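Below are the chains, spelled out letter by letter.
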Amino acid sequence: MVTPSELEPGTFPPQAAELRARVREFLAETPFTARCDSWLTGADPAFSRRLGERGWLGMTLPERYGGHGRSPLERFVVIEELLAAGAPVGAHWIADRQTGPGILANGTEEQKTRFLPAIARGECFFAIGMSEPDSGSDLASVRTRADRADGGWRLHGTKVWTSGAHIAHAILVLARTGPRSDDRHAGLTQFIVPLPDERVAVRPIRGLSGEHHFNEVVFDGAFVPDAMVLGRPGDGWRQVTAELAYERSGPERLLSTFMLIRLLHGRADGPAARRALGRLTGRLWSLRQASLAVAGALDAGQAPDVPAALVKDLGTRFEREVIEVVREHAGVEPDLASPDPLARALAESVVQAPGFTLRGGTNEILRGIVARGLGVR
């Protein structure tokens, strides 16, 4: 396990500048509607396939599984540019960010050859079934269960806040397969459930503005063959915690509200606004360096669980601070219907802000992880 004090600054490879230029050129010539929090709310399957055609999905996967054998630092360059532009990357995001690496690390050869090439092409989208009603960020308390059946398992239970399940081709589900014991982390298993499935109901959870990206997913005896168990039965907790390092550490934890900084930069009027913008830019740069250091640790084959939790905690609090600073200095009111791009972006951010410090684990949970990792809890 890597602690925050052991992180080394990430260093981009020599080819990063040319790669960054190619991504910017693609974004400049490709029409799309930019929006804040685009990795969650902006889903465009056609856009995802175009990224796959350019080799910008599945970048770190081996070539034998349809990937491109690139480094996590090269992937960092690509996703940083996509997020900064507000590109609609939500359709493929979960599959590319964490499910692909999870299948590569724990999957069977059949699972790897079935799912990884399709993920890299932008033709297979995943949802993750972790959170449950009344459980919050306490994944060890999951009540969804998988009961043994002939040739596989039957899933029963409910997942909530499941991003993109309505467009996903499969969902990776954490379920309890063993009896409860004093070890709350024992007896958990991950299952790959292809969608649609007549025994799986996907129901929309609409946001304040009526947008649909969250879902409730109900498993009513859905059958999962043994071939779709990811890893070993009972090893789900170890697999999930490794997966969450990818979920918590990336630049999306810093850049969901980046459009607000960019748009305010064009109209910062007066010393107070310029000072506020300077403070935000300085904070953003330091957090970017921390996120980049985590990418460097992943590139070195390390498991930066604790630094990833720290980056997520600090990054999501920063994103909410951006909203407040921009509201104070922008001179516009949040308005989803406004012709002013700053007013629209501000409204999008205000609607999404309550979830910033919840998704991927609440900040309180993350601070507990950091405290344990540092030996102070």
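Right above here is the structure, for reference.
Throughout what follows, the structure given in this document is the object of discussion.

Criteria and cut-off values
Residues numbered from 1 in each chain as written. Predicted model: local features only at pLDDT ≥ 70, side-chain atom pairs only at ≥ 80, totals over all residues. Heavy atoms only, no water. Helix = DSSP H or I, 4+ residues; strand = E, 2+ residues; numbered from the N terminus. Buried < 20%, exposed > 50% of the residue type's maximum accessible area, 1.4 Å probe, protein only. Areas by Shrake-Rupley, 256 points an atom, 1.4 Å probe, with all protein chains shown as cover. Contact = heavy atoms within 4.5 Å. Core = buried A, V, L, I, M, F, W, Y, C linked by side-chain atoms within 4.5 Å. Axes fitted to C-alpha atoms, helices over the stretch in contact; angles between N-to-C directions. Parallel < 35°, antiparallel > 145°, perpendicular 65-115°, else oblique. Left-handed = near helix turned anticlockwise from the far one by under 90°. Pairing = 2+ DSSP bridges. Phe/Tyr/Trp six-rings, centres within 6.5 Å; stacked < 30°, edge-to-face > 60°. Lys NZ or Arg CZ within 6 Å of the ring centre and 35° of its normal.

1. Things to note about the overall build of the protein
Helix and strand content of the protein: 13 helices and 8 strands. The 377 residues of the protein split such that 56% are buried. Approximately 16100 Å² of the protein is accessible, and the part contributed by carbon and sulfur atoms is 52%.

2. Thoughts on the side chain of Asn106
Inspection of the secondary structure assignment puts Asn106 in helix α5 (residues 93-106). Once residues within four sequence positions are removed from consideration, Asn106 is found in contact with Leu230, Gly231, Arg238 and Gln239.

3. Describing the nonpolar core
Nonpolar side chains in soluble globular proteins tend to be buried together. Counting residues in hydrophobic clusters, the biggest one holds 50 residues, and the most contacted among them are Leu82, Val89 and Leu260. Apart from the residues within four sequence positions on either side, Leu82 is in contact with Val23, Leu27, Phe47, Leu51, Ala87 and Val89. Judged by nonpolar contacts, the second largest core, of 35 residues, contains Phe115, Leu172, Val173 and Ala222.

4. Details of the packing of helix α9 (residues 258-265) against helix α11 (residues 305-329)
Two elements in contact, α9 and α11, have axes separated by 9 Å at closest approach and are oriented at 30°. Relative to α11, the element α9 lies roughly parallel. α11 is crossed by α9, and the crossing has left-handed handedness. Touching Leu260, Ile261 and Leu264 of α9 are Phe318, Val322, Ile323, Val326 and His329, all from α11.

5. As for the pairing of strand β2 (residues 145-149)
As defined by bridge partners, β2 adjoins strand β3 (residues 152-159) across 5 bridges and the pair is classed as antiparallel. Following the sheet pairing, Ala146 is matched in β3 by Leu155. In this structure, the hairpin formed by β2 and β3 is closed by a connection of 2 residues, where Gly151 is found at a positive phi of approximately 80°.

6. What about the packing of aromatic side chains?
Summed over all chains, the structure comprises 8 aromatic pairs. Seen from their ring centres, Phe115 and Phe126 are 5.5 Å apart, and the 70° between their planes marks the pair as edge-to-face. Of this pair, Phe115 sits in helix α6 (residues 109-121) while Phe126 sits in strand β1 (residues 126-129), and the two are 11 residues apart along the sequence. The exposure class of Phe115 is buried, given its relative accessible area of 4%. Aromatic pair Trp153 and Phe191: ring centres 5.7 Å apart, planes at 65°, arrangement edge-to-face. Here Phe191 lies in strand β5 (residues 188-194) and Trp153 lies in strand β3, a separation of 38 residues in the sequence. Taken together through their ring pairs, the aromatic side chains of Phe26, Phe32, Phe47 and Trp56 make up a single cluster. The ring of Phe12 carries the charged tip of Arg20 above its face, separated from the ring centre by 5.5 Å.

The values reported here are purely geometric and, on their own, carry no functional implication.
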